[in-house]
Protein chains: 2
Amino acid sequence: MKITMQRKILLDELKKLKSHPTADEFFVILRKKLPKVSLGSVYRNLEALSSTGMIRKLECAGSQKRFDGDTSDHYHMRCNACGKVCDYFGNGVSRIGEVLKKVCEEESFIGCNLEFFGTCINCKQ
Amino acid sequence: MKITMQRKILLDELKKLKSHPTADEFFVILRKKLPKVSLGSVYRNLEALSSTGMIRKLECAGSQKRFDGDTSDHYHMRCNACGKVCDYFGNGVSRIGEVLKKVCEEESFIGCNLEFFGTCINCKQ
DNA sequence: ATCGCTGCAAATCTTTTGCAGTAAG
DNA sequence: CTTACTGCAAAAGATTTGCAGCGAT
């Protein structure tokens, strides 16, 4: 994979975000730094980078895929009210990880996707 | 919600299936019993029935949503090779359920989606 | 009789792809 | 120099929606 200017900046910008943008949301953000970038390239590069593990692709619930520059061990919660995706880094992460890992071993699954849903802090008020 | 002929037959046919069809796959199947049904109504009714909990909507990985007439406690594994979705009723179900339930309580999440991926029995050969 | 449901077709939304030019190795 | 990557635009794929007529209550 060639390291092009677009990819460098794209990766950089995604890593900066705490949000988990969809391709088209990210396209708008990225245009501020790369005014000529096309939506097609955004799709291609998000796909390419996630396939190498440099970013994470979130494929759960809802129509649009979302992308996460944070590849550390954590899960996500989607807010039923506003649609936002929040990180979950809590205590449960390791407990969940253990059980899922064990089931994957037992059944020789490769891995899994897990996403919570609920109401985010902003929407609870 | 009115109990129409379409809904009765649609629910009936979905419950019969062990597969987890997409809306368009199910449309083809349903046409054998309801030759005049439209794809739009299939979408509307699968959505309506899943929102009442009478069927399950699987929203994880991959582009198309899938539907499951079996609402009992189980998880799913998507085969990376053939794309099929298989049921997982194994021992891990209760273990997973416990951990996820606990995390949901701790964090006041409403629920979660979990999907495994791997290689199905047919494709392993 | 009312109002939600239906089939149909068109519209919308998301993602992918063909192509000719450009830039990284 | 070669080959992958890019922007653009068009295509493809999935789902939703407007509408006029129909059917369940």
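Residues numbered from 1 in each chain as written. Chains lettered and ligands numbered in written order. Predicted model: local features only at pLDDT ≥ 70, side-chain atom pairs only at ≥ 80, totals over all residues. Heavy atoms only, no water.

1. A look at the protein's contact with DNA strand D
(1) Moving on: In the vicinity of DNA strand D, 19 residues are found, and the nearest of them are A:Gln6, A:Ser41, B:Lys2, B:Tyr43 and B:Gln64.
(2) Moving on: The share of sugar and phosphate among atoms of DNA strand D within 4 Å of the protein is 71%.
(3) Moving on: One of the side-chain N or O atoms of A:Arg44 is found 3.0 Å from a base nitrogen in DNA strand D.
(4) Moving on: Take B:Lys65: an N or O atom from its main chain is 3.2 Å from a phosphate oxygen of DNA strand D.
(5) Moving on: Listing elements by their share of the surface near DNA strand D, those giving two or more residues are helix H1 (5-16) and helix H3 (39-51) of chain A together with helix H3 (39-51) of chain B.
(6) Moving on: By residue class, the composition of the surface near DNA strand D is five nonpolar, six polar and eight charged. (Near = heavy atom within 4 Å. Polar contact = N/O pair within 3.5 Å; in protein donor to acceptor, adjacent residues only side chain to side chain. Helix = DSSP H or I, 4+ residues; strand = E, 2+ residues; numbered from the N terminus. Nonpolar A, V, L, I, M, F, W, Y, C, P; charged D, E, K, R; others polar.)

2. Topic: the relation of the copies chain B and chain A
Both copies of the chain are placed relative to one another by a rotation about an axis and a shift along it.
(1) Moving on: At an RMSD of 0.1 Å, chain B and chain A line up after a rotation of 179 degrees and a shift of 0.0 Å along the axis. The superposition operator between the copies reduces to a two-fold rotation axis.
(2) Moving on: Interface overlap between copies: 100% of the residues of chain B at the interface are likewise at the interface in chain A, consistent with a symmetric, same-surface contact. (Least-squares fit on C-alpha atoms with pLDDT ≥ 70 in both. Contact = heavy atoms within 4.5 Å.)

3. Regarding H3(A)
(1) Moving on: When the terminal C-alpha atoms of H3(A) are compared, their 18 Å separation across 13 residues agrees well with the 18 Å that a helix rising 1.5 Å per residue should span.
(2) Moving on: Tucked into the core, H3(A) has its buried residues touching H1, helix H2 (23-31), strand S1 (56-58) and strand S2 (66-68) of chain A. (Expected span 1.5 Å × (residues − 1).)

4. What to know about the environment of B:Tyr88
(1) Moving on: Following the sequence through the fold, B:Tyr88 ends up in strand S4 (residues 85-88).
(2) Moving on: Relative accessible area serves as the criterion here: at 3%, B:Tyr88 is assigned to the buried category.
(3) Moving on: Other than its neighbours up to four places away in sequence, B:Tyr88 contacts A:Val103, A:Glu106, A:Glu107, A:Phe109, B:His74, B:Tyr75, B:Val93, B:Ile96 and B:Phe116.
(4) Moving on: In this structure the side chain of B:Tyr88 is engaged in a polar contact, spanning 2.9 Å, whose partner is the backbone nitrogen of B:Gly92. (Buried < 20%, exposed > 50% of the residue type's maximum accessible area, 1.4 Å probe, protein only.)

5. Observations regarding the side chain of A:Arg7
(1) Moving on: Mapped onto the fold, A:Arg7 is located in helix H1.
(2) Moving on: Each residue touching A:Arg7, except ones within four places of it in the same chain, is listed here: A:Met1, A:Lys2, A:Asn45 and A:Ala48.

6. Concerning the packing of aromatic side chains
(1) Moving on: If you walk through the whole model with that rule in mind, you get six aromatic pairs over all chains.
(2) Moving on: With a centroid separation of 5.7 Å and 85 degrees between ring planes, the pair formed by A:Phe109 and B:Tyr88 is classed as edge-to-face. In this pair, A:Phe109 sits in strand S5 (residues 109-118) while B:Tyr88 sits in strand S4, so the two residues belong to two different chains. Per residue, the accessibility class of A:Phe109 equals that of B:Tyr88, and both read buried. (Phe/Tyr/Trp six-rings, centres within 6.5 Å; stacked < 30°, edge-to-face > 60°.)

7. Notes on the nonpolar core
(1) Moving on: Within the largest apolar cluster, 28 residues are counted, with the highest numbers of intra-cluster contacts made by A:Ile96, A:Phe116, B:Ile96 and B:Phe116.
(2) Moving on: At the level of elements, strand S3 (75-79), helix H4 (92-107) and S5 of chain A together with strand S3 (75-79), helix H4 (92-107) and strand S5 (109-118) of chain B are the ones that each hand at least two residues to this core.
(3) Moving on: Leaving out residues up to four positions away in the same chain, A:Ile96 has contacts with A:Tyr75, A:Tyr88, A:Leu114, A:Phe116, B:Val99, B:Leu100 and B:Val103. (Core = buried A, V, L, I, M, F, W, Y, C linked by side-chain atoms within 4.5 Å.)

8. Regarding the interface of chain B and chain A
(1) Moving on: On the chain A side, the residues contacting the 30 residues of chain B number 30 residues.
(2) Moving on: Taken together, both faces of the contact between chain B and chain A bury some 2,700 Å²; the carbon and sulfur share is 63%.
(3) Moving on: Remark: the boundary between chain B and chain A carries two salt bridges.
(4) Moving on: Across the pair A:Arg95 and B:Glu106 runs a salt bridge, and its minimum N-O distance is 2.9 Å.
(5) Moving on: At the surface where chain B touches chain A, the tally comes to 10 residue pairs in polar contact (both at pLDDT 80 or more).
(6) Moving on: Of all the secondary structure elements, the ones that give two or more residues to the side of chain B that touches chain A are H4 and S5 of chain B.
(7) Moving on: Per-class residue counts for the side of chain B that touches chain A are 15 nonpolar, eight polar and seven charged. (Buried area = accessible area lost by both parts, 1.4 Å probe. Salt bridge = Lys/Arg side-chain N within 4 Å of Asp/Glu carboxyl O.)

The values are spatial; any link to function lies outside them.
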